[in-house]
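# Examination of the molecular architecture
Chain residues, written in single-letter form:
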Amino acid sequence: MDVLPHSNCENCQHFNADGLKKLGVDTTDFDFVVALAGNPNTGKSTVFNALTGLRQHTGNWPGKTVTRAEGAFQYNEKKYKLVDLPGTYSLLSTSDDEEVARNFILFGKPDVTVIVVDANRLERNLNLVLQILEITDKAVLCLNLMDEAKRNNIEINIRSLAKDLGIPVVPASARYKEGIPELIQTISDVASGKIICKPHRIKNIPKDIEEAVKILSLKIKKEFPNIPNSRWIAFRLLEGDNQIIEALESGVFV
Amino acid sequence: MDKRNIQNIIALANELRWKIGDDFHDNLAEGIYADAAEIVEDAIIDKNRDRKERLDNKIDRIVTSRVWGFPIMFSILALVLWITIKGANYPSAFLADILLGDVRPMLKSFAASLNFPWWLSGFLIDGVYLAVAWVIAVMLPPMAIFFPLFTLLEDFGYLPRVAFNLDYLFKKSGAHGKQALTMSMGFGCNAAGVVATRIIDSPRERLIAIITNNFSLCNGRWPTQILLATIFIGAVVPASLSSIVSLGAVFGIAVLGIFFMFFVSWTLSKTLLKGEVSTFNLELPPYRPPDFWRTIYTSIIDRTLIVLWRAIVFAAPAGAVIWLISNLYIGDQSIAAWMIHYLDGFGFLIGLNGVILLAYIVAIPANEIVIPTILMLTVLVTGMHIGEGAGVMFELDSVNDTASVLKAGGWTLLTAINVMLFSLLHNPCSTTIYTIYKETKSMKWTVLASILPIIMGFVVTFVVAQLWRIFVN
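What you see is a predicted model; the values in this text were computed from it and never measured. Residue positions are counted from 1 within each chain, in the order its sequence is given. Written order decides the labels, with chains lettered from A and ligands numbered from 1. Since the coordinates come from a predicted model, pLDDT governs what is reported: local features require at least 70, and pairs of side-chain atoms require 80 or more to be given and counted, while whole-chain, interface and lining totals use all residues. Working from all heavy atoms in the structure, the side-chain values ignore hydrogens and water.

## Points about the overall build of chain A
Cut-off, in case you're wondering: For the purposes of this entry, the term helix denotes a DSSP run of H or I that reaches at least four residues, the term strand denotes a run of E that reaches at least two, and both are numbered from the N terminus. Classification of residues uses two cut-offs on accessible area relative to the type maximum, computed with a 1.4 Å probe and protein chains only: under 20% is buried, over 50% is exposed, and between them is partly exposed. In this analysis, two residues are considered to be in contact whenever any of their non-hydrogen atoms come within 4.5 Å of each other. Residue-level accessible areas treat just the shown protein chains as cover; the underlying method is Shrake-Rupley with a 1.4 Å probe.
Within chain A one finds nine helices and eight strands. Relative to its full complement of 254 residues, chain A shows a buried share of 53%. At a minimum sequence separation of 6, the contacts of chain A that also span at least 24 residues come to 72%. Split by element, the accessible area of chain A, about 11,900 Å² in all, is 49% carbon and sulfur.

Following this line, the structure appears as structure tokens:
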């Protein structure tokens, strides 16, 4: 993005100052639920604060009680509730943080999941991204800390990344509010169905596992025709995730 | 939706899980990483990727290598402990000079000027004050050195590499890889190690880490080990080798502690705390120069002072008890003498004696006061004229004087070896016990964590004593 002089901002199609209203903690009567996921130390809370106008404390201490932070904003007459999930490296393990994040994306069925990643550590961060894309097909990648990446001489081909992942990618430097208007526009496009995602599915899996997942996910699809993540549920069943087993038994997915 | 079909799916999943085997989780994780690598290959142009990663990777290749990983780890641990023990000597001597040499006589004469009866000034000054002063002088300097050093290693980024190196062993024993960090913290102070287990999410693995933290030889026990090794073990080899051999013996005890930690972790995970090892992602962060002064400040405030305060709270009543049992008489003997008399038989059975057992009973609040208590009680029962009277703990300036007091108390090489073993394997100090209770909120686990090591101590010292008596003399 070109850096525009401040006075020209208002002319930019992304600015839309009248359309945006930061609503802070007022999360009543929302139209869409947006989940905010990402690794620790990617500036997730900075993005959360930039979107909601809140000033959530950004530090964290491992082992303290895990809480979900919530906030809201309004954009073009629609109200969005934003849920800040705990920062995790993965969704596959048994830790409390990962359970909260995993369960919210799966059972909370957010309308859009924004995944904040550190542009400087993209490869490591993609681990979480690829897992989330198995659960939901409505996601936006927020490529944060672009200012640091520029300083580190890292160049990222945004279009190729978006194509490979099958979801929109928005470069940003949340600390300087760069990329936030574009992020909001993209969230609204995905929420309203203007942008349809075709998320990447994990490919490099050994044959026997792939076979098992295929068999299971076909059976699951037959019982629950409307769910987008039969493959993920198959993964979790193979892992022996008791919460998923209970959810299947009680029919939460219907 | 048909309930039966759902049950079929779940049954099928269970069946497939058996077929795929244990590696499912690791295979899936590797698959995801492979996908990520492919995507990044297409999308990123990192102009100086090679140069930037080279240094971090180079360091990692050495400190996490199969050949060098463990020797480097042990050397760094040895260096940190050496700096702590050596460096603490001077401020400890300085504090002891002030608190014991200057303040105590002043308090004594102040009490005398107010016409305190002897028992009141004895109880307050020789009992309560002395124990508190002792704990501060002996405990504060090593902790104020160890914890900042530890935090510096943490901030530099070395500790995650330690966890990485040890992960395999912990996984094998059914424990969490992050227990490597809480174990290392235990070498400074077990109470701090128990608090540090908060970084472990899974309750099962956290309990294992809490219960086994006591097997890390803490700061309060290192001086005891070194003193006894110098007096008794260094003495059986030629003088030129004595310091190396005695240091080796102390390090051997610490390594034995690590062995017991793995052994008990493994036993617990197979019995009382059965369950799966939870997987976790451990990020090896880039190496960073630590923020020196902030690190020093926070580690002293967060760790040192809190632990010290708890120790003082427990040491005060212990001082009172030590003075009382030495000065209250039943018939013609003090309570201490009676207790030593009764404990002697059991003490002999496990290669110790009544004095040592009584010292470990009354010195529960802090391992630091075990040796002063042993010296005082030995003088009390042998009737020697050293020290400052019944119930007044003391330490001697020279190692030779200490040796002669202990030998007059009937100590042999076996006694020393067994005290070293018992110092490793006995109940945690009361500060740690209280911390375990606060962290677990469970009487059951607190009791288990307290009595398990002492039972092991009795067994080990008993076996050593019997073997010694059969084979050595």
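Picking up where we left off.
## Thoughts on helix α1 (residues 3–20) of chain B
Within an α-helix, residues lying three or four positions from one another point in the same direction, as the helix has 3.6 residues per turn. As a reminder, the rule being used: For a helix, the expected span equals 1.5 Å multiplied by the number of residues minus one. The directions from the helix axis to the C-beta atoms form the arc being described.
With 18 residues, α1 of chain B ought to run about 26 Å at 1.5 Å a step, and its terminal C-alpha atoms sit 26 Å apart, in line with that. Taken as a whole, α1 of chain B has its buried residues at I6, I9, I10, L12, A13, L16 and I20 of chain B. Angularly, the buried residues of α1 of chain B cover 160 degrees about the axis, an arc narrow enough to put them on a single face. Those residues of α1 of chain B that are exposed and aimed more than 90 degrees away from the buried face are K3, R4, W18 and K19 of chain B. Those residues of α1 of chain B hidden inside the fold are in contact with α7 (207–223), α8 (230–239) and α9 (242–250) of chain A together with α2 (24–43) of chain B. Directly beyond the C-terminal end of α1 of chain B, a positive phi value near 90 degrees is found at G21 of chain B.

## Section: a negative patch on the surface
Residue and element names in this part refer to chain B. Quick reminder of the rule: Like charges are joined within 9 Å and nonpolar side chains (Val, Leu, Ile, Met, Phe, Trp, Tyr) within 5 Å, but only among residues with over 30% relative accessible area and no salt bridge; these make up the patches. Only one rule defines a salt bridge in this text: a Lys or Arg side-chain nitrogen within 4 Å of an Asp or Glu carboxyl oxygen. The convention is simple: Lys and Arg are positive, Asp and Glu are negative, and His and the chain ends are not counted. For this purpose, a charge sits on NZ of Lys, CZ of Arg, CG of Asp or CD of Glu.
A grouping of D22, D23, D26, E30 and E276 is seen on the molecular surface, where their side chains present a negatively charged patch. Relative to the assigned elements, D23 resides in the loop between α1 and α2. Residue classification places D23 among the partly exposed residues on the basis of a relative accessible area of 48%.

## Considering the state of the cysteines
A covalent bond bridging the sulfur atoms of two cysteines is what the word disulfide describes. Residues and elements named next belong to chain B. Inclusion rule: In this description, a disulfide is simply a cysteine sulfur pair whose atoms lie within 2.5 Å.
Counted according to the given criterion, the structure contains zero disulfides over all chains. Not engaged in a disulfide, the cysteine C218 finds its nearest cysteine sulfur in C429; these two sulfurs lie 6.4 Å apart. Here C218 falls in the buried class, since its relative accessible area comes to 8%.

## Some words on unusual backbone geometry
Here E77 of chain A, not a glycine, exhibits a phi torsion of approximately 75 degrees, which is positive. When you line up the elements, E77 of chain A lands in the loop between β3 (69–75) and β4 (78–84). Of note in the backbone geometry, N115 of chain B takes a positive phi value of approximately 60 degrees without being a glycine.

## What about the interface of chain B and chain A?
Interface size, as often reported, equals the accessible area lost upon joining of the parts. Put simply, the rule is: As a working definition, buried area equals the accessible area (1.4 Å probe) given up by two parts on being put together, with both sides summed. Each polar contact in these results corresponds to two N or O atoms within 3.5 Å; when the atoms are within protein, one needs to be able to donate a hydrogen and the other to accept it, and residues that are neighboring in sequence are counted only if both atoms are side-chain atoms.
Each side of the interface is counted separately: chain B has 46 residues, and chain A has 53 residues. Summed over both partners, the interface of chain B with chain A comes to about 4,700 Å²; 63% of that surface belongs to carbon and sulfur atoms. At the junction of chain B and chain A, the tally comes to zero salt bridges. Linking chain B with chain A are 10 residue pairs in polar contact (both at pLDDT 80 or more). Elements that contribute at least two residues to the side of chain B that touches chain A include exactly α1, α2, β1 (44–46) and α3 (49–63) of chain B. Counting residues per element, the side of chain B that touches chain A draws most heavily on α2 of chain B, which supplies 16 residues.

## Considerations on the pairing of β4 of chain A
Within a regular strand, side chains alternate between the sheet's two faces. Residues and elements named next belong to chain A. Just so we agree on the cut-off: Here, strands pair whenever DSSP counts at least two bridges between them.
Of all seven residues that make up β4, six are buried, and the element is covered over most of its length. Relative to β4, strand β2 (residues 32–38) runs parallel, the two sharing five bridges. Looking across to β4, one finds that L36 is bridged to D84. Here β3 runs beside β4; their pairing, made up of seven bridges, is antiparallel. Bridging across to β4, A69 finds its partner in D84. Linkage of β3 to β4, two consecutive antiparallel strands, is achieved through a turn of two residues, within which N76 is found at a positive phi near 50 degrees.

## A short note on the environment of K198 of chain A
Residues and elements named next belong to chain A. Mapped onto the elements of the fold, K198 is located in the loop between α6 (180–192) and α7. Between the C-alpha atoms of K198 and K138, which are 60 residues apart in sequence, the distance is 8.6 Å. Setting aside anything within four residues of it in sequence, one finds K198 in contact with L165 and G166.

Remember, this is a structural readout, not a statement about activity or role.
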